[in-house]
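Overview (structure and organization)
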Amino acid sequence: MSETNGYSKSKLHGLWALTNRELKKWLKEPILLFMAVLQPVLWMGLFGKAMNLGGMFSSSNFGNINIPGITFPGNYVIPPVSGNITIPSALLSQISQQMFANIGPNVMQNIFGVKDYFSYMSVGMISFIVMFTTMFSGMSMVWDRRLGFLNKVLSTPVSRGAIIFSKVLNATLRAMFQATIILTLAVIFGLQVSSTFNVLNILGVYAAIFLLCVGLSSVFLALALRSTKQETQMAIVNLINLPLMFASNTFFPISMMPDWIQAIARVNPISYLTDVIRQLTVLPLNASSLMFDFTYLVIFAAVFSVIGITLSWRYLTK
Amino acid sequence: MTDEVIKAEGLTRVFNKSLVAVNHVNFGVKNGEIFGFLGPNGAGKTTTINMLITVLKPTEGRASVLGFDIAKQDNNVRNVIGVVPQEYTADEDLTGLENVLLCSDLYGIPRKIAKERAIELLKLVELTDFKDKKVETYSGGMRRRLELACGLINRPKVLFLDEPTLGLDVQTRVASWDYIRKLKKEFGMTLFMTTHYLEEADALCDRVAIIDHGKIVVVGTPEELKHSLGGDIITLRIKEDPDVSELIRTVEHVKDVKNEDGSYRIKAEYGEVTAPLIIEALRRKGYTVTKLMLTEPTLNEVYLEYTGKSMRDAEESREAFRAQRMTMWRARH
């Protein structure tokens, strides 16, 4: 064999080159990068702030509600006492105001686990972005195929595994990058971290994102390899993103949902990622449930990446 | 090792268990030659090349490149070949140099060697001035040259070119041929190319295989093929309706007559002498020749002879058609 051949013995030599190619493309396109940052900001701003769930339960809103059966006449007479004790209505209404003053945060605390909706949903946004990034990651494979790039790479000694994994890795790195931005922005916009938060928790957040990304993008990659048209992939993504998103705890707590949605939400991996990130940031940490979430994510990632990579592999070595 | 760099024996590829794209094809490519696969779209050229470059696995039969089996030793094959695909595969968002370096990474070439080679190759295809410009600013011809540079980064012994001038205008096409010849000389490679441009096969190839419906119908040098037609071609039309094939056949030197919807394709030796004799013979019987054409055989005639009436434009598939259209569109922008 001549000296010009077989430079690299590493099976992975093409992995970084291929991943780098896409990252470079992404970073070189300032518009894309800007959109990637803008999208979560818009969501957080419009959805997280405009939908002021905490405010809905505030005392000023309760003041206008007529609660039937309870009226405050001018004077209230307590019967068993002989003689009349009179409580001024002004005092009564003040007491009721005080009673309701804390109800908003309390309702939020009971349902959402945090005092403000923004903290709740901005963390959900991370799952949202992770999901979208991985779903669209398959799209570049459709392009590579149509433009002939895939065939060209297939004719080089790069291992087929590296071709598949570069796509997965690319989606994962992008999602992590976006997650970092969202988290930073959320903190700037008023995210309140829980008392159990410390900086090391961020590593846990990354680990969880990584697991979900690997699982999801492997599946979408296998789908993309089969669909020759970009439109097919688009249609699939559009069809399943809504149920995946809303049948999960991304925006609303599962406990408030009808049973049948709850059933979906409890197997939806998005719920588990969201829960991990919440526990590591805004909610008090519960070690056993965190372990359970992680186990679920590991199993999900393992099973789906095996399925996805096997299907892709079969396609690439046809 | 034998003199044959590429050897195919009974090479077959069937898609979806029914569509036979390549049907028991046998051929050998000699060391150092430019071997052309000529055929209409959908004839099986790209499928054959995809099998040889180890992107597709053969359904049946076998082939080897430099002695390596394309199915069993695919990685060895990949290391010694270069591929210039039909499409523009260079990344538009990256610069020319970045694209060549990306290709070198796919072969695992160390960065230092890769850089030297990339610079040298870009100079060879005259893209030095544009190496740091994004590929989206390149013209069709420049993109082709960049693809050539990418295909040569691993110093291949065998270079595969799939429709190397698809979508280019005539001048750029001719210029591309010069590049291909120059590169072949520079690196002493064996070239395997597909094309559906006859003049391209004629100008570039040392030997040509005409492929139709997945089968090789004839192999030979362009000269041999032209010669095999046995002379010149006279095409004529007469004013009157009746079939005069038999009459023409009686004329001296005429070897064959085909009536194609009132137009007679006559194969004859010494065409320039025979043509007046035919006209004379027809006139004596009261027929009037309205149109006459004398052609010395070109590959076009060879092509017509072996594949049927004219170039069919049947497409391999919708996807292939779209990819091709996209390549042509991008060539012009």
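These numbers were taken from a predicted model, which means no experiment stands behind them.

**What to know about the overall build of chain B**
- Tallying secondary structure elements over chain B gives 12 helices and 14 strands in all.
- Dimensions of chain B, computed from the C-alpha atoms along their principal axes, are close to 80 × 45 × 35 Å.
- Looking at the 333 residues of chain B, the share that counts as buried comes to 47%.
- The long-range fraction of contacts in chain B, counting pairs at least 24 apart against all pairs at least 6 apart in sequence, stands at 72%.

**Things to note about helix H2 (residues 30-50) of chain A**
All names here are of chain A.
- For H2, built from 21 residues, the straight-helix expectation of 30 Å at 1.5 Å per residue is met to within 8% by its first-to-last C-alpha distance of 28 Å.
- Where H2 is concerned, the buried positions are Pro40, Met44 and Gly48.
- The inward-facing, buried residues of H2 contact helix H7 (117-146) and helix H9 (160-188).

**Comments concerning the sheet that holds strand S12 (residues 254-260) of chain B**
Residue and element names in this part refer to chain B.
- If you trace the 4 strands from one edge of the open sheet to the other, you get S12-S13-S11-S14, paired in antiparallel fashion. Among the strands making up the open sheet, the edge pair consists of S12 and strand S14 (289-295). The average angle at which neighbouring strand axes cross in this sheet is 20°, direction not considered.
- Across 6 bridges, the pairing between S12 and strand S13 (residues 263-268) is antiparallel. Following the sheet pairing, Asp256 is matched in S13 by Lys267.

**A word on helix H6 (residues 170-187) of chain B**
Residues and elements named next belong to chain B.
- For H6, with 18 residues, the first-to-last C-alpha span of 26 Å sits near the 26 Å given by 1.5 Å per residue.
- Arg173, Ser176, Ile180 and Leu183 are the residues of H6 that are buried. Buried residues of H6, viewed axially, fall in a sector of 80°; they line one side. Residues Val170, Gln171, Asp178, Lys185 and Glu186 are exposed on H6 and point more than 90 degrees away from its buried face.
- Those residues of H6 that are buried lie in contact with helix H4 (111-124), helix H5 (140-151) and helix H7 (198-204).
- Where H6 ends, the next residue or the one after it, Gly188, has phi of about 55°, a positive value.

**Some points on the domain arrangement of chain B**
- Taken domain by domain, chain B consists of domain 1 (4-221) and domain 2 (230-296).
- Here domain 1 of chain B and domain 2 of chain B have C-alpha centroids that lie 43 Å from each other.

**Some remarks on the pairing of strand S2 (residues 19-30) of chain B**
All names here are of chain B.
- As defined by bridge partners, strand S1 (residues 4-15) adjoins S2 across 8 bridges and the pair is classed as antiparallel. Counted as the bridge partner of Lys7 is Gly28 from S2.
- The loop that links S1 with its antiparallel partner S2 comprises 3 residues; one of these, Asn16, has a positive phi angle of about 50°.

Rules used throughout
- Residues numbered from 1 in each chain as written.
- Chains lettered and ligands numbered in written order.
- Predicted model: local features only at pLDDT ≥ 70, side-chain atom pairs only at ≥ 80, totals over all residues.
- Helix = DSSP H or I, 4+ residues; strand = E, 2+ residues; numbered from the N terminus.
- Buried ≥ 20, exposed ≤ 12 C-beta atoms within 10 Å, placed from the backbone.
- Contact = placed C-beta atoms within 7 Å.
- Expected span 1.5 Å × (residues − 1).
- Pairing = 2+ DSSP bridges.
- Axes fitted to C-alpha atoms, helices over the stretch in contact; angles between N-to-C directions.
- Arc of directions from axis to C-beta.
- Domains from an automatic or database assignment.

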